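One-letter residues, chain by chain:
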Amino acid sequence: MYSQVGVILFSLIAMLSGARSYRQIHTLIDRRLALLNAAFPAVALRRAPAYTSVRGILQRLDPAELERAFRRHADGLDQACAATPSRFIAIDGKTLRQSFDAFADRKAAHLLSAFAVDHRIILAHEVIERDPGGADPDRHAGTERTGVHPRRHALSKTFEIARRTGNDLIVQVKDNQPTLLLCLEDIAATTAPVAVDDSRNHARNRRENRRIAVYAPGSALDDTDWGPLVAAVVRVERRTLIRSSATGQWTMRQETAFYASDSARTPST
């Protein structure tokens, strides 16, 4: 009775427009059916499917196969954006809002995403059971390529994975790795940087001054497990003025972040 592709496409548009239930998906498709059919005539529907039909069609889909289709589509978009695909892939995890269900004893869902920085496209995402930092990046489209530089936000992932896939790795070192973080802070405090870059970014209610300094670790990490892995240390200082739209007052925020890289770096990379 209904085109499966049309129901899937129109349901996705409905969810992107704020629909959070099968009834809401049906309502949006019903109200905007003429507009949807005009925009996508190849998958036009004669009438809006009932919410039970939408539910039956969507629940019969294979989630893994649907994700693979999304990944192929996203990778094609990234390849078509320019002469070369994105060189920088950011991998980060977030907790999905409103995914915690105390009544059903269901924990909040964690979503791990691979983001093509150059062309601003999500290449892949996956719901994982544990903290997003604990997932294997080798399972995601962004890190399956060679010649890209994943920007990691979880130090639990090993540098060997990046080497095995032919990628460079830069990872932010946080408080959950206090020994390594202390070593990086000491390197930045006691050695001269090999390169420094200052930049400013002004927006309507935000003014940020940023300094990026790159250090060679030398022999500072030789006695640690990180000695053969870390080829560069990056220190990023941010001084940000944020203006409150309600009061008009400016608030200063300062932060310093340290990164470890398995290859030599310049501030631009």
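That block above? That's the structure.
These figures come from a predicted structure and were not determined experimentally.

A. Representation of the overall build of the protein chain. Helix and strand counts for the protein chain come out as seven helices and nine strands. Residues classed as buried in the protein chain amount to 37% of the 269 residues present. A sequence separation of at least 24 residues applies to 52% of the contacts in the protein chain between residues at least 6 apart. A total accessible area of about 16,500 Å² is found for the protein chain, and carbon and sulfur atoms account for 51% of it.

B. Quick peek at helix α1 (residues 4–16). Across its 13 residues, α1 extends 18 Å between first and last C-alpha, which sits within 8% of the 18 Å expected from 1.5 Å per residue. In this structure, the buried residues of α1 make contact with α2 (22–31), α3 (33–39) and α4 (51–59). Positive backbone phi, approximately 115 degrees, marks Gly18, located one or two places after α1.

C. Inspection of the packing of α1 against α2 at higher detail. The N-to-C vectors of α1 and α2 enclose an angle of 105 degrees; their axes lie 9 Å apart at closest approach. Accordingly, the angle class assigned to the pair α1 and α2 is roughly perpendicular. Taking contact as the criterion, the partners of Phe10, Ser11, Ala14 and Met15 in α1 are, on α2, Ile25, Leu28 and Ile29. A per-class count over the contact of α1 with α2 returns six nonpolar, one polar and no charged.

D. Main features of unusual backbone geometry. Notably, Arg120 is not glycine yet its phi reads approximately 55 degrees, a positive angle. For Arg120, a relative accessible area of 68% translates into the label exposed.

E. Representation of the pattern of salt bridges within the structure. Using the criterion set out here, one finds seven salt bridges in the structure. In this structure, Arg206 and Glu208 form a salt bridge, with 3.2 Å as the shortest nitrogen-oxygen distance. The partly exposed category is assigned to Arg206, whose relative accessible area is 32%. Overlapping salt bridges bring together Glu65, Arg68 and Arg72 as one network.

F. Up close: the packing of aromatic side chains. Within this structure, the stated rule accounts for one aromatic pair. Arranged with centres 6.3 Å apart and planes meeting at 50 degrees, the rings of Phe10 and Phe40 form a pair that is tilted. Placement of Phe10 in helix α1 and of Phe40 in the loop between α3 and α4 is noted, with a sequence separation of 30 residues between them.

G. Expanded view of the environment of Gly6. When you line up the elements, Gly6 lands in helix α1. For the pair Gly6 and Leu45, spaced 39 residues apart in sequence, the C-alpha separation works out to 6.7 Å. In contact with Gly6, other than residues within four places in its own chain, are Val43 and Leu45.

H. Representation of the nonpolar core in the model. Among the nonpolar cores identified, the biggest contains 17 residues, and Val7, Phe10, Ile25, Ile29, Leu33, Leu45 and Leu58 are the most heavily contacted of them. By residue number, the principal contributor to this core is α1, which donates four residues. Excluding residues that lie within four positions of it along the chain, Leu33 makes contacts with Phe10, Leu45, Arg46, Arg47 and Ala48.

I. Quick look at helix α5 (residues 63–81). For α5, spanning 19 residues, the distance from its first C-alpha to its last is 27 Å, which sits close to the expected 27 Å at 1.5 Å a residue. Burial in α5 covers these residues: Glu67, Arg71, Ala74 and Asp78. The buried residues of α5 occupy one face: seen down the axis, they fall within an arc of 70 degrees. Opposite the buried face of α5, by more than 90 degrees, sit the exposed residues Arg72, His73 and Ala80.

J. Inspection of the pairing of strand β7 (residues 206–215) at higher detail. One ladder, built from eight bridges, connects strand β6 (residues 195–202) with β7; its direction is antiparallel. Residue Ser199 lies in a different strand from β7, and its bridge partner there is Arg210. Remark: three residues form the turn of the hairpin made by β6 and β7, two consecutive strands paired antiparallel. Of the pairings in the sheet, the one linking β7 to strand β8 (residues 232–243) comprises 10 bridges and is antiparallel in character. In the strand pairing of β8, Arg206 is matched with Ile242.

Here is what the cut-offs are and how they apply
Residues numbered from 1 in each chain as written. Predicted model: local features only at pLDDT ≥ 70, side-chain atom pairs only at ≥ 80, totals over all residues. Heavy atoms only, no water. Helix = DSSP H or I, 4+ residues; strand = E, 2+ residues; numbered from the N terminus. Buried < 20%, exposed > 50% of the residue type's maximum accessible area, 1.4 Å probe, protein only. Contact = heavy atoms within 4.5 Å. Areas by Shrake-Rupley, 256 points an atom, 1.4 Å probe, with all protein chains shown as cover. Expected span 1.5 Å × (residues − 1). Axes fitted to C-alpha atoms, helices over the stretch in contact; angles between N-to-C directions. Parallel < 35°, antiparallel > 145°, perpendicular 65-115°, else oblique. Nonpolar A, V, L, I, M, F, W, Y, C, P; charged D, E, K, R; others polar. Salt bridge = Lys/Arg side-chain N within 4 Å of Asp/Glu carboxyl O. Phe/Tyr/Trp six-rings, centres within 6.5 Å; stacked < 30°, edge-to-face > 60°. Core = buried A, V, L, I, M, F, W, Y, C linked by side-chain atoms within 4.5 Å. Arc of directions from axis to C-beta. Pairing = 2+ DSSP bridges.

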